[in-house]
Amino acid sequence: GADILFVVDDSGSMDLHQQKLATNMPALALALKGKASLHAAVTTSSMTSPSSGCGTLCTDGKFITTPAVLTSDSQDFIAALMKGIPAGTSGAGAEEFFTPVIAALTPPLSKTTNAGFLREGSHLAVVMLTDAEDQSTLTPEQFVAGLETIKGKGNFTIYGFIIPIGVAN
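Here's a quick rundown of the structure. (Residues numbered from 1 in each chain as written. Predicted model: local features only at pLDDT ≥ 70, side-chain atom pairs only at ≥ 80, totals over all residues. Heavy atoms only, no water.)

1. Here we look at the pairing of strand β4 (residues 123-130)
When you tally the buried positions in β4, you get seven out of eight residues, the bulk of the element. With helix α4 (residues 140-151) bridging β4 and the parallel strand β5 (residues 156-162), this β-α-β connection has right-handed handedness. (Buried < 20%, exposed > 50% of the residue type's maximum accessible area, 1.4 Å probe, protein only. Helix = DSSP H or I, 4+ residues; strand = E, 2+ residues; numbered from the N terminus. Right-handed = clockwise from strand over helix to strand, strands pointing away.)

Here is the structure:
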């Protein structure tokens, strides 16, 4: 099986990019469906900090999909994933990817709001969509070390899709 966490930049410049990802989600989900047991969830790049400016709109690693953890054997898997991908554009201007992923996959969220996402023996895929560089307090080395602690070496893959600013397609 595979556990896929989408981390979507929810800053003001991402509306069109989020819509395009949501539009193409059925093709991706159909390609994956039936090949493996999937869990999927979506969180955003917004973490609460004194300078974030997103207030209650910061997700802080909480999953925004409904239900929080989507499973490929669910009849509405594709529709629910498409609904969760447009994360909005009222998030923090400081886009963070490393910090919300680690927050999403560790206690307290992994035991409460995000419970049931990670499965023993499943491969973790983290898919990040943004038009900015990561502004987390974690370094890339700390991020990878955190994922290794959570899943073990070789049990995760990180994908980053960075759209150059000003590109509409």
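2. Notes on the nonpolar core
The nonpolar side chains of soluble globular proteins are, as a tendency, buried together. If you look at the biggest cluster of nonpolar residues, it comprises 18 residues, and the most contacted ones within it are Leu-5, Val-101, Leu-105, Phe-117 and Leu-147. Listed by contribution, the elements that provide at least two residues to this core are β1 (2-8), α3 (98-105), β4 and α4. Ranked by residue count, the leading element in this core is α3, at five residues. If we skip the residues at most four places from it in the chain, Val-101 touches Leu-5, Val-7, Val-126, Phe-143 and Leu-147. (Core = buried A, V, L, I, M, F, W, Y, C linked by side-chain atoms within 4.5 Å. Contact = heavy atoms within 4.5 Å.)

3. What to know about α4
In a regular helix each residue adds 1.5 Å, so 12 residues correspond to 16 Å; α4 covers 16 Å between its end C-alpha atoms and thus fits that length. Buried within α4 are the following residues: Phe-143, Gly-146, Leu-147 and Lys-151. Seen from one end, α4 has its buried residues packed into an arc of 110°, which puts them on one side. α4 presents Glu-141 and Thr-149 as exposed residues on the side facing more than 90 degrees away from its buried surface. Buried residues belonging to α4 abut β1, α3, β4 and β5. With its phi angle positive at about 95°, Gly-152 sits one or two positions after the end of α4. (Expected span 1.5 Å × (residues − 1). Arc of directions from axis to C-beta.)

4. A short note on the environment of Lys-151
In this structure, Lys-151 sits in helix α4. Sequence-wise, Lys-151 and Ser-122 are 29 residues apart; in three dimensions their C-alpha atoms are separated by 8.8 Å. Discounting chain neighbours no more than four positions away, the residues touching Lys-151 are Asp-3, Leu-118, Arg-119, Ser-122, Leu-124 and Phe-156.

5. Describing the sheet that holds strand β2 (residues 38-44)
The pairing of strands in a sheet comes from backbone hydrogen bonds and takes either a parallel or an antiparallel form. Here five strands make up an open sheet; going across it, the order is β3-β2-β1-β4-β5 and the pairing mixed. Both outer strands of the open sheet, β3 (70-71) and β5, are each paired with one neighbouring strand and no more. Pairing of β4 with β5 involves seven bridges; the strand directions are parallel. Within β5, the residue paired with Leu-129 across the bridge is Phe-161. Those strands touched by helix α2 (residues 77-84) are β1, β2 and β3, and its axis lies near 15° from that of β2. In this fold α3 packs onto β1, β2 and β4, with an angle of close to 140° to the strand it touches most, β1. (Pairing = 2+ DSSP bridges. Axes fitted to C-alpha atoms, helices over the stretch in contact; angles between N-to-C directions.)

6. Let's talk about the pairing of β1
Here β1 lies mainly inside the structure; seven of its seven residues are buried. With burial as the criterion, each face of β1 is covered, one bearing Ala-2, Ile-4, Phe-6 and Val-8 and the other bearing Asp-3, Leu-5 and Val-7. In this structure, β1 lies alongside β2, joined through seven bridges in parallel fashion. Along β2, the bridge assignment pairs Leu-5 with Ala-41. Pairing between β1 and β4: seven bridges, direction parallel. Bridged to Phe-6 within β4 is Val-127.

7. Description of the side chain of Arg-119
Tracing the chain through its elements places Arg-119 in the loop between α3 and β4. Separated by 3.4 Å, the side chains of Arg-119 and His-39 make a polar contact. (Polar contact = N/O pair within 3.5 Å; in protein donor to acceptor, adjacent residues only side chain to side chain.)

8. Some words on α3
Three- or four-residue spacings in an α-helix give side chains the same orientation, since the helix completes a turn every 3.6 residues. Within α3, seven of the eight residues are buried, which leaves the element mostly enclosed by the surrounding structure. Buried residues of α3: Phe-98, Thr-99, Pro-100, Val-101, Ile-102, Ala-104 and Leu-105, and no others. Tucked inside the fold, the buried residues of α3 contact β1, β2, β4 and α4.

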